Amino acid sequence: VMDNDAVFYRELPKVELHAHLNGSVSAQTIEKLISRKPHLNIEHSMTAIGKGQRRTLDECFEVFRVIHKLVDTEEDILMVATDVIKEFAADGVKYLELRSTPREERDTGLTKRSYIETVIKAIQKCKEEGVDIDVRFLVAIDRRNGTEVALETVNLAEEFMLSSDGLVVGIDLSGDPTVGHGKDLLPALQKAKNSGLKLSLHLSEIPSQLDESDLLLSLPPDRIGHGTFLHPEVGGSQSLVDKVVQKKIPIELCLTSNVKGNTVPCYAKHHFKYWYELGHPTVLCTDDKGVFCTDLSQEYQLAASTFGLSHEAVWKLSQQAIDSIFGPETVKQQLKEKWNDLHPQLFK
Ligand SMILES: CNc1ncnc2c1ncn2[C@@H]1O[C@H](COP(=O)(O)O)[C@@H](O)[C@H]1O
Ligand SMILES: [Zn+2]
């Protein structure tokens, strides 16, 4: 049974801009995958980090390796993407940008191209079924794979940007932040930007990435993922903050992900506070709702209870997220109308 407050957060219309497909797989979908592949001997405890549990970021990346074993055919990807989209819709998300790293699997015939095609197929299928959510796709670059793969990924993304009826809108840079360096990926990212793809980059998710963040901010990216260690109080710098503020680059903030992944000591010390108090555009997101056992309603509720936000302030936060989407202006207008239509229902 849900209390009234939980109902408010679920009914609150929301925008999700930072969701990795394979990190967003729910317990129910994991069960279906496990029963398809019993020989892998994977248990659900290996694919999720439960309530009160914390891991190192390293251990989180181990979890993704397990999930990737379970999701290695077109059929798996179609199911996973369809389920994830419907789950976000059921949670009151009206606009979703999914991101995923195209993978090639020799054993199953999966190619990077068919990977992207299958995600697009899932998006189209949900649209045809009338699921009440607008979904777009960001093609992800895994930073560990270096210059060549990054360029190959950008080339594919450019191609699909033109052929997917506007569904592919940008590039994500993600992957284990302790591996690789942004300078090797800069040419690919620059090329993507020049061709009209939007850029959302994981930046300063761990300390000691000041130089890389400074370099990548020169592009500049259209949005930042995490930005946990950008500000001076945690070892970042005022000049990094100034660049982000001057260029008004929205930051995607994922509270539970950062607490469970141990890059932030507790909810109360999350850098949401820093950026929110600056009045800088921040967007609450889930990152990996399956792995971190959360959903976007819960993230809004956690932010509100931790930082003392009223329902009005929470409403404003979800409404302002519309300005940071990569979808076209017409979609922004539609979403703003939708928010206006829903307002009286939530504040009766
Ligand atoms: C926890 N913080 C994080 N930091 C950096 N990258 C992350 C991440 N969480 C997820 N990913 C990225 O998303 C992939 C899984 O989804 P896809 O197979 O692409 O759909 C991971 O392998 C990693 O590259
Ligand atoms: Zn992420």
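Since we're looking at a predicted model, the values are computed, not measured. (Residues numbered from 1 in each chain as written. Chains lettered and ligands numbered in written order. Predicted model: local features only at pLDDT ≥ 70, side-chain atom pairs only at ≥ 80, totals over all residues. Heavy atoms only, no water.)

## Some thoughts on the coordination of the zinc ion (ligand 2)
To keep things clear, this is the line we draw: Only nitrogen, oxygen and sulfur atoms count as donors, using a 2.8 Å cut-off from the metal that widens to 3.2 Å for Na, K and Ca. Water is left out, so coordination shells may look unfilled. Angular criteria define each label, namely tetrahedral for four donors with all angles between 85 and 135 degrees, square planar for four and octahedral for six donors with opposite donors over 155 degrees apart and remaining angles between 65 and 115, and irregular for whatever fails these tests. For helices the rule is a DSSP run of H or I covering at least 4 residues; for strands it is a run of E covering at least 2, with both sets numbered from the N terminus onward. A 1.4 Å probe rolled over the protein chains alone gives each residue an accessible area, and that area as a share of the maximum for its type sets the label: buried under 20%, exposed over 50%, partly exposed in between.
Donor atoms from the polypeptide that bind the zinc ion (ligand 2) are His18 (NE2), His20 (NE2), His202 (NE2) and Asp287 (OD), placed at 2.1 to 2.2 Å. If you look at the zinc ion (ligand 2), its four donor atoms make angles of 81 to 167 degrees with each other, and the shape they trace is irregular. In primary sequence terms, the donor set of the zinc ion (ligand 2) follows H-x1-H-x181-H-x84-D. Pair noted here: His20 is in strand β1 (residues 14–20) and Asp287 is in the loop between β8 (282–284) and α12 (296–307), with a separation of 267 residues, a long-range link. Each member of the pair His20 and Asp287 is classed as buried.

## What to know about helix α3 (residues 57–70)
The criterion, for reference: One fewer than the residue count of a helix, multiplied by 1.5 Å, yields its expected span. The contact rule is simple, with two residues in contact once any of their heavy atoms fall within 4.5 Å.
Relative to the 20 Å expected for 14 residues at 1.5 Å per residue, α3 spans 21 Å between its end C-alpha atoms, a close match to the ideal helical length. Here α3 has its buried residues at Leu57, Cys60, Phe61, Val63, Phe64, Val66, Ile67 and Leu70. Residues of α3 that are buried in the fold lie against α2 (27–36) and α4 (74–90).

## Thoughts on the environment of Leu138
Tracing the chain through its elements places Leu138 in strand β3 (residues 134–142). Leu138 sits in the buried class, given a relative accessible area of 0%. Residues Leu138 and Ser45, 93 residues apart in the sequence, show an inter-C-alpha distance of 29 Å.

## Some details on the UniProt feature "domain: Adenosine deaminase" (unreviewed entry) in the chain
Let me state the cut-off plainly: UniProt positions are given in the numbering used here, feature names are shortened, and annotations may be inferred rather than shown by experiment.
The sites that UniProt annotates as "domain: Adenosine deaminase" (unreviewed entry) are residues 13–338. Structurally, residues 13–338 comprises 45% helix and 14% strand, and the distance from its first C-alpha atom to its last is 8 Å.

## With respect to the site of ligand 1
Inclusion rule: Note on definitions. A residue lies near a molecule or strand when any single heavy atom of the residue is within 4 Å of it. By the criterion applied in these results, polar contacts are pairs of N or O atoms within 3.5 Å in which, for protein atoms, one can donate a hydrogen and the other can accept it, and in which residues neighboring in sequence qualify only through two side-chain atoms. Under the convention used here, a 1.4 Å probe and the Shrake-Rupley method define accessible areas, while residue burial counts only the protein chains that appear. Residue polarity is assigned by list, with Asp, Glu, Lys and Arg as charged and Ala, Val, Leu, Ile, Met, Phe, Trp, Tyr, Cys and Pro as nonpolar; anything else, Gly included, falls into the polar class.
Neighbouring ligand 1 are 16 residues; His68, Ser100, Thr101, Glu205 and Asp288 lie closest to it. Measuring from an oxygen atom of ligand 1, one finds a side-chain N or O atom of His20 at 3.1 Å. Within the side chain of Thr101, an N or O atom sits 2.6 Å from an oxygen atom of ligand 1. Here ligand 1 has 520 Å² of accessible area as a free molecule, and 99% of this is covered by the chains. For the shell around ligand 1, the element with the highest residue contribution is α3, accounting for three residues. Looking at the shell around ligand 1 residue by residue, the class counts come to four nonpolar, nine polar and three charged.

## What to know about the state of the cysteines
The condition is simple: Here, two cysteine sulfur atoms that lie within 2.5 Å of each other are counted as a disulfide.
Taken as a whole and judged by the stated rule, the model has zero disulfides. Of the cysteine sulfurs around Cys60, a residue in no disulfide, the closest is that of Cys293, at 11 Å. Unpaired in this structure, Cys254 has its nearest cysteine sulfur neighbour in Cys285, at a distance of 5.2 Å.

## Observations regarding the pattern of salt bridges
As a reminder of what qualifies: Any carboxyl oxygen of Asp or Glu that lies within 4 Å of a side-chain nitrogen of Lys or Arg is treated as forming a salt bridge with it.
Applying the stated criterion across every chain yields a total of 25 salt bridges. Across the pair Arg36 and Asp76 runs a salt bridge, and its minimum N-O distance is 2.7 Å. One end of the pair, Arg36, is in helix α2; the other, Asp76, is in helix α4, with 40 residues separating them in the sequence. For Arg36, a relative accessible area of 35% gives the class partly exposed. A salt bridge links Lys243 to Asp214; its shortest N-O distance comes to 2.6 Å. Taken as a pair, Lys243 in helix α9 (residues 238–246) and Asp214 in helix α8 (residues 210–217) lie far apart in primary sequence, 29 residues in all. On the accessibility criterion, Lys243 (27% relative accessible area) is partly exposed. The class of Asp214 is partly exposed, set by a relative accessible area of 30%.

## Some remarks on the side chain of Ser204
Position of Ser204 among the secondary structure elements: in the loop between β5 (198–203) and α8. Ignoring anything within four residues of it in the chain, the contact list for Ser204 reads Gln209, Ser213, Gly227, Thr228, Phe229 and Leu230.

## Quick look at the packing of aromatic side chains
Selection rule: Each Phe, Tyr or Trp ring, with Trp reduced to its six-membered ring, pairs with another whose centre is within 6.5 Å; inter-plane angles below 30 degrees give stacked pairs, above 60 give edge-to-face pairs, and intermediate values give tilted ones. Placement of a charge over a ring requires the Lys NZ or Arg CZ to be within 6 Å of the ring centre, with the centre-to-atom vector within 35 degrees of the ring normal.
Under the criterion given, the structure shown has seven aromatic pairs. Taking the centre distance of 5.8 Å and the plane angle of 80 degrees together, the rings of Phe8 and Phe347 count as edge-to-face. A residue pair is termed long-range when its members are at least 10 positions apart, and Phe8 in helix α1 (residues 4–11) and Phe347 in the segment after α14 (329–346) qualify at 339 residues. With a centroid separation of 5.7 Å and 85 degrees between ring planes, the pair formed by Trp315 and Phe347 is classed as edge-to-face. Residue Trp315 is located in helix α13 (residues 311–320), and its partner Phe347 is located in the segment after α14; the two are separated by 32 residues in the primary sequence. Here Phe347 falls in the partly exposed class, since its relative accessible area comes to 23%. Cluster of aromatic residues (ring-pair linked, three or more members): Phe8, Tyr9, Trp315 and Phe347. When the ring centre of Phe326 is taken as reference, the NZ or CZ atom of Arg223 above it lies at 3.7 Å. Cation over ring: Lys289 sits above Phe88, and NZ or CZ is 5.5 Å from the ring centre.

## Overview of α14
Across its 18 residues, α14 extends 26 Å between first and last C-alpha, which sits within 8% of the 26 Å expected from 1.5 Å per residue. Residues of α14 that are buried include every one of Val331, Lys332, Leu335, Trp339, Leu342 and Leu346, and no others.

## Focus on the pairing of β1
The cut-off we apply is this: By the convention used here, strands pair only if DSSP detects at least 2 bridges between them.
Summarising burial for β1: seven of the seven residues are buried, a large majority. Sheet topology note: the β1/strand β2 (residues 93–100) ladder contains five bridges and is parallel. Bridging from a neighbouring strand, Glu16 pairs with Leu96 of β2.

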